Amino acid sequence: MSAGLIIQIIAILVGISCSTLGVFLVLKNMSMLTDAITHTVLLGIVISFFIVRDLSSPFLVLGASIFGLITVFLVEGLINTRLVKEDSAIGIIMSFLFSLAVILISKYAANIHLDVDAVLLGEIAFAPFHKITLFNRAIPKSILESSIILILNITFVVIFFKELKISIFDRNLAITLGMLPTLIHYLLMALVSITAVISFESVGAILLISFMIGPALSSYLLSKNLKSMIIISYIYSTICSLIGYKIAMILDVSIAGSIAVTIGFAFVLTLIYKNVVLERK
Amino acid sequence: MIEIFNMFMISYTFRVVSIGCMLLGIITAIIGTFAVLKKESLLGDSIAHASLAGVCIAFIVTGKKELPILLLGALLIGIISIVLIHIVINYSKVKFDSAIALNLATFFGLGLVLLTYLKKIPGAKKAGLNRFIFGQASTLLVKDIYFVSIIGIIILVTVILFWKEIKISIFDKDYALTLGINSKFYSFLISFLIVITVIIGIQIAGVILITSMLIAPSVAARQFSNKLNIVVVLASIFGAISGFMGTAISATNTILPTGPMIIIFLSFFVFFAIIFSPNRGLIGRHIKNYRRNKEIIKKYDRRNIL
């Protein structure tokens, strides 16, 4: 497999697994929580690094995912005091945990290869070089990881589709039916954190936010039911990854950046199409 | 404390940096109060990330790295962002937070594209453009302070001039309409002020931390009062104290970075206010509930006896 093909496969896999969850995040009005999680997992990575002292350990992923959940928990705790509004709660917790991470890094880990920029920006172009052996064949690590995440996310959504749907659109009904919407909510957020942490290495935080929100928003404009919204968002994220990769190759610029711009542009086009063409009919 | 005072008298750099951070703390606190009340506090985060694209565009167009030119580029992108966000939320069913998240990712992506494009141009002095985004409080110069103060005074005057209009448009849009106040214009004005504040702030505090400097002081101040003017004054006091103390701690302990220290102080103000504020705080509310329950029980007990 050529490096270019691998990058495109990774982008498509990550894109689809992000938009699977992104659809629900958009419908629950929690888009900015993704932004918060992508920043605060840094603290999880730092703290679990102090415990295991190994940057390639799987415990780093576990620790970081737990911190994603802690973020959600703290934000909701603040909101539940009814003293702070949702957006302010996200802002406060996000910057607090991120500052702790930066302070810890600069105080105790200044000599270690743990760079704030590297975590936040990520570089998909390097993804083909990290390989692991599986069944006597060398496979890029990111492809394996993102396929596992993709399967995990899709399985979750398929199994809990009814529960997710009802707890988003009518929370009280879900409670009366005994569906435990809070548990579903935390499971969803756990998957968001795990996806964020795994995809960091390959695509970086910014493309992650873009993949979670962009395709879901574009298909939100076009679709009228949940299933078609998920499927249209898959189409969007796949096409945008391919176009964004092509543009990046032609101009020789950041792949993650150009995919993010393509996704944003696709949303603007959809918005214009929706408002100009569909309204006129 | 005495040590910090001595350092303030002796060290020129410390004086400059701490005054700069205090001023920034005050300005962000004042504008942040309106942002928090309008539930637009994360707009700052979005604009701060988006400004990377603006900085790069300004550098590509002019080829210069002077601060005002770069900030002008950031301002341009900031204004484009708020116009786009307002269009999206007015002309579709997309909610505000999704709109700002997409705006953040798209423009930051554009910024990354432009940064990698700049890297290919030979000979350009592009180094340090991305450091602009992560903020560097300790490199503050006196001319930066003048710059921040002038912008701050402009923002303050605008807020004082339009105080009544801004207040009414935030709290009661319909009432504003009956008074003939164009609340859409004032809502845009506040967004515009948020953009300016964020852009002068990012070079000091960095992208992620400027969000907290906008939100935290006013959230803390809000717990102590229900009056807008008191909240604004208290918030700016909190902002100033955090700005100064953050600088002082990081100056006495050179390993600790300034920006994050300021945020830690701000966060402590928030947590303290939420727990201990006399009327709204968690403990205060608990005591109030306890007293009320006791009174009710007492009342019913007496009836039972009679």
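All residue numbers here refer to positions counted from 1 along the written sequence of the relevant chain. Chains carry letters and ligands carry numbers; both start at the beginning, A for chains and 1 for ligands, and go up in the order they are written. The predicted nature of this model means local features are confined to residues of pLDDT at least 70 and side-chain atom pairs, given and counted, to a pLDDT of 80 or more, with totals for whole chains, interfaces and linings taken over all residues. Excluded from the side-chain calculation are hydrogens and water; included are all heavy atoms of the structure.

**Considerations on the overall build of chain A**
Per the convention used, a helix needs a DSSP run of H or I reaching at least four residues, while a strand needs a run of E reaching at least two, with both numbered from the N terminus. Of regular secondary structure, chain A possesses 11 helices and 2 strands. From first element to last, N terminus to C terminus, chain A shows the α and β order α-α-α-α-α-β-β-α-α-α-α-α-α. Burial status follows relative accessibility: with a 1.4 Å probe on protein chains alone, a residue under 20% of its type maximum counts as buried, one over 50% as exposed, and anything between as partly exposed. Buried positions account for 57% of the 281 residues belonging to chain A. The criterion used for residue contact is that any of the two residues' heavy atoms lie within 4.5 Å. Summarising the internal contacts of chain A: among those between residues at least 6 apart in sequence, 69% fall at separations of at least 24. Calculation of accessible area relied on Shrake-Rupley with a 1.4 Å probe; when residues are assessed, cover is drawn exclusively from the protein chains displayed. Within the structure as shown, chain A displays about 12,100 Å² of accessible surface, and the carbon and sulfur contribution to it stands at 69%.

**Quick notes on the overall build of chain B**
Across its full length, chain B carries 14 helices and 0 strands. Listing each helix as α and each strand as β along chain B from the N terminus yields α-α-α-α-α-α-α-α-α-α-α-α-α-α. For chain B, the C-alpha atoms occupy an extent of roughly 95 × 55 × 35 Å along the three principal directions. Burial status across chain B gives 53% buried among its 306 residues. When contacts within chain B are restricted to residue pairs at least 6 apart in sequence, long-range pairs at least 24 apart make up 72% of them. All tallies of charge rest on Lys and Arg as positive and Asp and Glu as negative; His and the ends of each chain are not included. Every charge is mapped onto a representative atom, which is NZ of Lys, CZ of Arg, CG of Asp or CD of Glu. Averaging the coordinates of the 29 positive side-chain charges in chain B and doing the same for the 11 negative ones gives two points 2 Å apart.

**Describing the side chain of S46 of chain B**
By the secondary structure assignment, S46 of chain B is in helix α3 (residues 43-62). With residues up to four places along the chain from it excluded, the contact list for S46 of chain B reads I100, N103 and L104 of chain B.

**Things to note about the packing of aromatic side chains**
Working definition: a ring pair exists when centres of Phe, Tyr or Trp rings (six-membered ring for Trp) sit within 6.5 Å. Plane angles under 30 degrees give stacked, over 60 give edge-to-face, the rest tilted. Following the criterion strictly, the structure yields 10 aromatic pairs over all chains and no others. A ring pair is formed by F162 of chain B and Y186 of chain B, whose centres lie 5.7 Å apart and whose planes are at 55°; its orientation type is tilted. Of the two residues, F162 of chain B sits in the loop between α7 (142-161) and α8 (163-171) while Y186 of chain B sits in helix α10 (residues 183-205), which places them 24 residues apart along the sequence. When the centroid spacing of 4.6 Å and the interplanar angle of 25° are considered together, the rings of F238 of chain B and F269 of chain B count as stacked. Pair noted here: F238 of chain B is in helix α12 (residues 228-252) and F269 of chain B is in helix α13 (residues 258-276), with a separation of 31 residues, a long-range link. Using a relative accessible area of 10% as the deciding quantity, one classes F238 of chain B as buried. In this structure F269 of chain B comes out as partly exposed when scored by relative accessible area, which is 22%. Here the aromatic cluster, defined as three or more aromatic residues joined through ring pairs, consists of F96 of chain A together with F268 and F271 of chain B. Charge-over-ring contacts are defined here by two conditions on Lys NZ or Arg CZ: a distance within 6 Å of the ring centre and an angle within 35 degrees of the ring normal. Lying across the ring of Y220 of chain A, K93 of chain B places its NZ or CZ 4.6 Å from the centre.

**Digging into the interface of chain B and chain A**
With 54 residues of chain B at the contact, the number on the chain A side is 54 residues. In total, chain B and chain A occlude about 4,700 Å² of area from one another, counting both sides; carbon and sulfur atoms represent 75% of this. Buried area is a sum: the accessible area each of two parts loses on coming together, probed at 1.4 Å, counted once for each and added. A per-residue breakdown of the area chain B buries against chain A is headed by K93, L102 and I208 of chain B, which together make up 13% of the total. Here a polar contact is taken to be a pair of N or O atoms separated by no more than 3.5 Å, where protein atoms must pair a possible hydrogen donor with a possible acceptor and residues adjacent in sequence count only if both atoms sit in side chains. Applying the counting criterion to the chain B and chain A interface returns 9 residue pairs in polar contact (both at pLDDT 80 or more). For the side of chain B that touches chain A, the secondary-structure elements that each account for two or more residues are α3, α4 (67-91), α5 (96-120), α11 (207-222), α13 and α14 (282-305) of chain B. Here the element with the most residues in the side of chain B that touches chain A is α5 of chain B; it accounts for 16 residues. Each residue gets one of three labels, nonpolar for Ala, Val, Leu, Ile, Met, Phe, Trp, Tyr, Cys and Pro, charged for Asp, Glu, Lys and Arg, and polar for the others, Gly among them. Taken together, the residues of the side of chain B that touches chain A sort by class into 32 nonpolar, 13 polar and 9 charged.

**A word on the packing of helix α2 (residues 31-52) of chain A against α5 of chain B**
Each axis is a line fitted through C-alpha atoms, taken for helices only over the stretch in contact, and angles between the N-to-C directions span 0 to 180 degrees. Running from N to C, α2 of chain A and α5 of chain B cross one another at 45°; their axes reach a closest spacing of 7 Å. The pairing of α2 of chain A with α5 of chain B is recorded here as oblique in orientation. On α5 of chain B, the residues touching S31, M32 and D35 of chain A of α2 of chain A are D97, S98, I100, A101 and L104 of chain B. Class assignment of the residues belonging to the contact of α2 of chain A with α5 of chain B gives a composition of 4 nonpolar, 2 polar and 2 charged. An angle below 35 degrees is treated as roughly parallel, one above 145 as roughly antiparallel, one from 65 to 115 as roughly perpendicular, and anything else as oblique.

**Details of α10 of chain B**
The span expected for a helix works out to 1.5 Å for each residue beyond the first. Here α10 of chain B spans 31 Å end to end across 23 residues, near enough to the 33 Å set by a 1.5 Å rise per residue. Counting buried residues along α10 of chain B, 19 of its 23 residues qualify, which places the element largely inside the surrounding structure.

**A word on the side chain of D45 of chain B**
Within the secondary structure layout, D45 of chain B lies in helix α3. When near neighbours in sequence (up to four residues on either side) are disregarded, D45 of chain B contacts M32, D35 and M94 of chain A together with L104, V207 and T211 of chain B.

**Some thoughts on the confidence of the model for chain B**
Summary statistics for chain B give a mean pLDDT of 83 and a share of 91% for residues scoring 70 or more. Model confidence for the complex is summarised by a pTM of 0.86, with the ipTM given as 0.87. How sure the predictor is of each residue is captured by pLDDT, a score from 0 to 100.

**What about the pattern of salt bridges?**
Residues and elements named next belong to chain B. Criterion for a salt bridge: a side-chain nitrogen of Lys or Arg within 4 Å of a carboxyl oxygen of Asp or Glu. Evaluation of the coordinates by the stated rule reveals 1 salt bridge over all chains. With a shortest N-O distance of 3.3 Å, E40 and K38 are connected by a salt bridge. Owing to a relative accessible area of 9%, E40 belongs among the buried residues under this scheme.

**Some thoughts on unusual backbone geometry**
Residue and element names in this part refer to chain A. Its identity is not glycine, yet N29 carries a phi of approximately 60°, on the positive side. Tracing the chain through its elements places N29 in the loop between α1 (3-27) and α2. By relative accessible area, N29 is classed as partly exposed at 30%.

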